[in-house]
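Coordinates in review
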Amino acid sequence: MTDARGDRIVVEALTKSFPRPGRRPARQVLGGVSFTAQPGEFVSVIGPSGCGKSTVFNMLAGLEVPDSGSIRFGTGAGEPTAAHCAYMPQKDLLFPWRTVLDNTILGLQVHGVAKAEARRRARLLFPAFGLSGFEDARPSQLSGGMRQRAALLRTVVQERELLLLDEPFGALDSLTRTEIQSWLQDVWQRYRWMVLMITHDIREAVYLSDRVVVLSARPATVRREVRVELPRPRELSMITAPEFVAVEQELLEVLHEEARHALAQRDA
């Protein structure tokens, strides 16, 4: 992974509405979302279900266009931000007919990297991702945690400045999820990627992040940003520490308030 220490990403006043059937007015999803992420920073984005978190990520990845607002790296407009992002969706999306190695090179191949060179780059990461010896295995031979590590390797090997992780561990059981959270922290500290992660797990957000961005109920704005001033590396035992619990409680209170607003909107 390239040691990118250049530009930060700036998300500024994003708005987005989606049409609804019939003559009903469009549903406004984003009401002016603004935040930043710095090189080497791990930022989690949380908010009520349906508030537009994935919509923001789709815009970062170039899959959606905002009605207004902007996304940029550094201070210039430059090329589309999608050129700087690698996106890991909620499901691992590994192709069952390809080996693990050939699954991890898909992103590189899409961008025109020769197969031999793509394999060489991916193989270099297999030890750090705990996948050595599984290069020629099929996805069906991997555990859930190993599949997610393979999907993350596929994302990382593209060497983009920003990793977008959209609820990457939501499908894992509790024990596996805890293990892979600890692993992700260790490997992130080694490479110091700039990461934006969507999660519904507040404890996961506190454990992994330098900063947590809380989106409001729809139409979403940034309700609060909380800096996680906890030392690294963070041991799992830290989740019971008073300072950890205090951050978790602050986020939980804000999120519950916004969830109540979201429920009231649906009932209206």
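Here's what I pulled together on the structure shown here. Not measured: the values here are computed from a predicted model.

**Here's the deal with the side chain of Glu 204**
Its location among the elements puts Glu 204 in helix α7 (residues 202-208). Residue classification places Glu 204 among the buried positions, given a relative accessible area of 1%. Beyond its immediate chain neighbours, meaning those up to four positions away, Glu 204 contacts Phe 169, Arg 177, Gln 181, Met 197 and Thr 199.

**Here we look at the sheet that holds strand β5 (residues 85-88)**
Strand pairs in the sheet, formed through backbone hydrogen bonds, run parallel or antiparallel to each other. Here six strands make up an open sheet; going across it, the order is β5-β6-β7-β3-β8-β9 and the pairing mixed. Of all strands in the sheet, those bounded by a partner on one side alone are β5 and β9 (222-227). The mean inter-strand angle of the sheet, taken between neighbouring strand axes irrespective of direction, is 15°. Inspection of the sheet shows strand β6 (residues 162-166) paired to strand β7 (residues 194-198) by five bridges, in the parallel sense. Considered in β7, the bridge of Leu 164 is made with Leu 196. Helix α1 (residues 53-60) rests against β3 (42-46), β5, β6, β7 and β8 (211-215) of the sheet, and its axis sits at about 145° to β7. Relative to β5, helix α5 (residues 144-156) is tilted by about 165°, and along the sheet it contacts β5 and β6.

**So, the pattern of salt bridges**
Evaluated as defined, the whole model comprises 16 salt bridges. With its nearest N and O atoms 2.8 Å apart, the salt bridge here joins Arg 120 to Glu 117. Pair noted here: Arg 120 and Glu 117 are both in helix α4 (residues 115-125), with a separation of three residues, about one helical turn. Classification of Glu 117 by relative accessible area gives partly exposed; the value is 28%. As a salt-bridge pair, Arg 211 and Glu 225 come within 2.8 Å of each other at their nearest N and O atoms. You can see Arg 211 sitting in strand β8 and its partner Glu 225 sitting in strand β9, a full 14 residues away along the chain. Looking at Arg 211, the relative accessible area reads 5%, which means it is buried. On the basis of relative accessibility, which here comes to 38%, the residue Glu 225 falls in the partly exposed class.

Rules used in this analysis
Residues numbered from 1 in each chain as written. Predicted model: local features only at pLDDT ≥ 70, side-chain atom pairs only at ≥ 80, totals over all residues. Heavy atoms only, no water. Helix = DSSP H or I, 4+ residues; strand = E, 2+ residues; numbered from the N terminus. Buried < 20%, exposed > 50% of the residue type's maximum accessible area, 1.4 Å probe, protein only. Contact = heavy atoms within 4.5 Å. Pairing = 2+ DSSP bridges. Axes fitted to C-alpha atoms, helices over the stretch in contact; angles between N-to-C directions. Salt bridge = Lys/Arg side-chain N within 4 Å of Asp/Glu carboxyl O.

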